[in-house]
Amino acid sequence: SRIFYKALAFLPAMLLYPCWLYTLIKNQIFKAVFLNFWPMTIAMVLGSFIAGSTPLGGGVVGFPVAVLALGFGAEQGRDFSALIQSIGMTSAAYLILLLKPNLVEPILVAYSVVFGVIGCVIGFIIPLDGFVVNLILTTYLSAFAIVYCYK
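Residues numbered from 1 in each chain as written. Predicted model: local features only at pLDDT ≥ 70, side-chain atom pairs only at ≥ 80, totals over all residues. Heavy atoms only, no water.

(A) A look at the packing of aromatic side chains. Counting across every chain of the model gives 6 aromatic pairs. Relative to F34, the ring of F30 lies with its centre 5.1 Å away and its plane at 55 degrees, an arrangement referred to as tilted. Here F34 and F30 lie together in helix α3 (residues 30-36), a separation of 4 residues that amounts to about one turn. Accessibility expressed as a relative area gives 38% for F30, which makes it partly exposed. Judged by relative accessible area, which is 31%, F34 ranks as partly exposed. Measuring from ring centre to ring centre gives 6.1 Å for F37 and F72, while their planes differ by 70 degrees; the resulting arrangement is edge-to-face. Highlighted residues: F37 in the loop between α3 and α4 (38-53) and F72 in the loop between α5 (59-69) and α6 (74-99), separated in sequence by 35 residues. (Phe/Tyr/Trp six-rings, centres within 6.5 Å; stacked < 30°, edge-to-face > 60°. Helix = DSSP H or I, 4+ residues; strand = E, 2+ residues; numbered from the N terminus. Buried < 20%, exposed > 50% of the residue type's maximum accessible area, 1.4 Å probe, protein only.)

Given below as structure tokens:
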């Protein structure tokens, strides 16, 4: 039925949140996580609006907040950004495939997967200094902002 089909949209959250809560409560870190990292929580709530309204994703907000506000190293900020980006984009892809499969063009998905894998392999092989990671992100965001504002 249609109600069951729409309920599948919430399946990942229904599986993830109980595991997340169990882990926080069992290890008694619930309070410490939110007391120490509350700026990231607020930033990622705002980042979700940016991720939903632009093709950039939430990792664009996560990286600067992790590095500048919370004092993470550039490598940790990059890893956190990639994690947030992959979770958000995978969630969006799941919902699009489930609720609007007519919007999916299989050849574009194939190209994205192939070049994404190539990019990941190159990223794992070539170690980059934290400054270079910051420089690449800043250049990418600046170019995106110029193109986005130009249109």
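That was the structure; now back to the text.
(B) Structural context of the packing of α5 against α6. Running from N to C, α5 and α6 point in directions that differ by 155 degrees, and their axes come no closer than 8 Å. Judged on the interaxial angle alone, α6 and α5 are roughly antiparallel. The handedness of the crossing between α5 and α6 is right-handed. Residue-level contacts link G59, V60, G62, F63, A66 and V67 of α5 to A74, G77, R78, F80, S81, I84 and Q85 of α6. Broken down by class, the residue content of the contact of α5 with α6 amounts to 7 nonpolar, 5 polar and 1 charged. (Axes fitted to C-alpha atoms, helices over the stretch in contact; angles between N-to-C directions. Parallel < 35°, antiparallel > 145°, perpendicular 65-115°, else oblique. Left-handed = near helix turned anticlockwise from the far one by under 90°. Contact = heavy atoms within 4.5 Å. Nonpolar A, V, L, I, M, F, W, Y, C, P; charged D, E, K, R; others polar.)

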